[in-house]
Structures are given as structure tokens and as C-alpha cells.
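Residues per chain, in single letters:
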Amino acid sequence: MNGMPARLPCDLTDRMPATRPVAGFYVSVRTSARMGESSLVLGPFPDRDTAHAHVPLVRAFVAARHRGGEWWRFSAARVTAPPGRALPAGTLNDLIPAAGDGLAA
């Protein structure tokens, strides 16, 4: 080491508080095998099983509104929010009110 550090912490209160990352589960959809991205369409849910249980609801909703939508790839995905930020809302949360009971607070 080349000398003393510029500042020694004399008090631990100036350190950033440790926050645990927040994770949630979503129903996700991919419309094509060529697309490297998927969309978070419903969620967040507290666990993977709850998200997976909502896949048929989302599939039926999309199939009724988009020709060929029943062939899209629907699955459950886990998302971790950056520290200090909230999880995003699914894009269909407001359009599928039947799913509201299972959504995480």
C-alpha cells in the first residue's frame, strides 16, 4: 500500500444501508422464436406457481384478440428489481381484472 487512505470511516452511519433485492414472478410472452425478448404481460405474483396458474387466462385473453396469438410462447418468468426500485407492472394488469386477486401487493 502506498500510504494512508484518503478517508477512514469513523462512523458506520455514512455507509449505504443494505437492501435486499425484490423479486416477483410474471406471465411472460414471446411472439416469435426470432425475438430474443419477451414481454412481462401479467404480474408480479408472489411465486412461480401462481404466475404459471395464470398462463391459461392470458393465453385465452390474447387468443380472443389476436389472430394466431394462441401459438405464442407463454411462460412464467422471475424478475429481480434493482435496489431501491419497485417491480414493473405487467402490461395487461389493467386489462385482465380477473387476475387482480393473485397479484403481489
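The structure reproduced in this document is the subject of the present report. Keep in mind that this is a model prediction, so the values were computed, not measured.

Describing the environment of His-54
Thinking step 1. The residue His-54 is located in the loop between α1 (48-53) and α2 (55-65) in this model.
Thinking step 2. Separated by 21 residues in the primary sequence, His-54 and Ser-75 place their C-alpha atoms 9.5 Å from one another.

Considerations on the sheet that holds strand β2 (residues 39-45)
Thinking step 1. Spatial ordering of the open sheet is given by β2-β1-β3, a layout of three strands whose pairing is antiparallel. Looking at the sheet topology across the chains shown, the edges are occupied by β2 and β3 (73-80). Each strand axis lies, on average, 30° off the axis of its neighbour in the sheet, ignoring direction.
Thinking step 2. Where strand β1 (residues 23-30) and β2 come together, four bridges link them in antiparallel fashion. Within β2, the position partnered with Ser-28 by the bridge is Leu-40.
Thinking step 3. Contacting β1, β2 and β3, α2 runs over the sheet at an angle of about 125° to β3.

Concerning α2
Thinking step 1. Within α2, burial applies to Val-55, Val-58, Phe-61 and Val-62. Viewed end-on, α2 has its buried residues packed into an arc of 130°, placing them on one side of the element. Across from the buried face of α2, at angles greater than 90 degrees, the exposed residues are Pro-56 and Ala-64.
Thinking step 2. Where the residues of α2 are buried, they touch β1, β2, α1 and β3.

Observations regarding the environment of Arg-59
Thinking step 1. Tracing the chain through its elements places Arg-59 in helix α2.
Thinking step 2. Along the chain, Arg-59 and Phe-74 lie 15 residues apart, while their C-alpha atoms are 7.2 Å from each other.

Re the nonpolar core
Thinking step 1. Core analysis: the largest hydrophobic core is formed by 16 residues, its most contacted members being Val-27, Val-58 and Leu-92.
Thinking step 2. Those elements that provide at least two residues to this core are β1, β2, α2 and β3.
Thinking step 3. Ranked by the residues each element gives to this core, the list is headed by α2, at four residues.
Thinking step 4. Not counting residues up to four positions away in its chain, the partners in contact with Val-58 are Val-27, Val-41, Leu-42, Phe-74, Leu-92 and Ile-96.

Conventions and cut-offs
Residues numbered from 1 in each chain as written. Predicted model: local features only at pLDDT ≥ 70, side-chain atom pairs only at ≥ 80, totals over all residues. Heavy atoms only, no water. Helix = DSSP H or I, 4+ residues; strand = E, 2+ residues; numbered from the N terminus. Pairing = 2+ DSSP bridges. Axes fitted to C-alpha atoms, helices over the stretch in contact; angles between N-to-C directions. Contact = heavy atoms within 4.5 Å. Buried < 20%, exposed > 50% of the residue type's maximum accessible area, 1.4 Å probe, protein only. Arc of directions from axis to C-beta. Core = buried A, V, L, I, M, F, W, Y, C linked by side-chain atoms within 4.5 Å.

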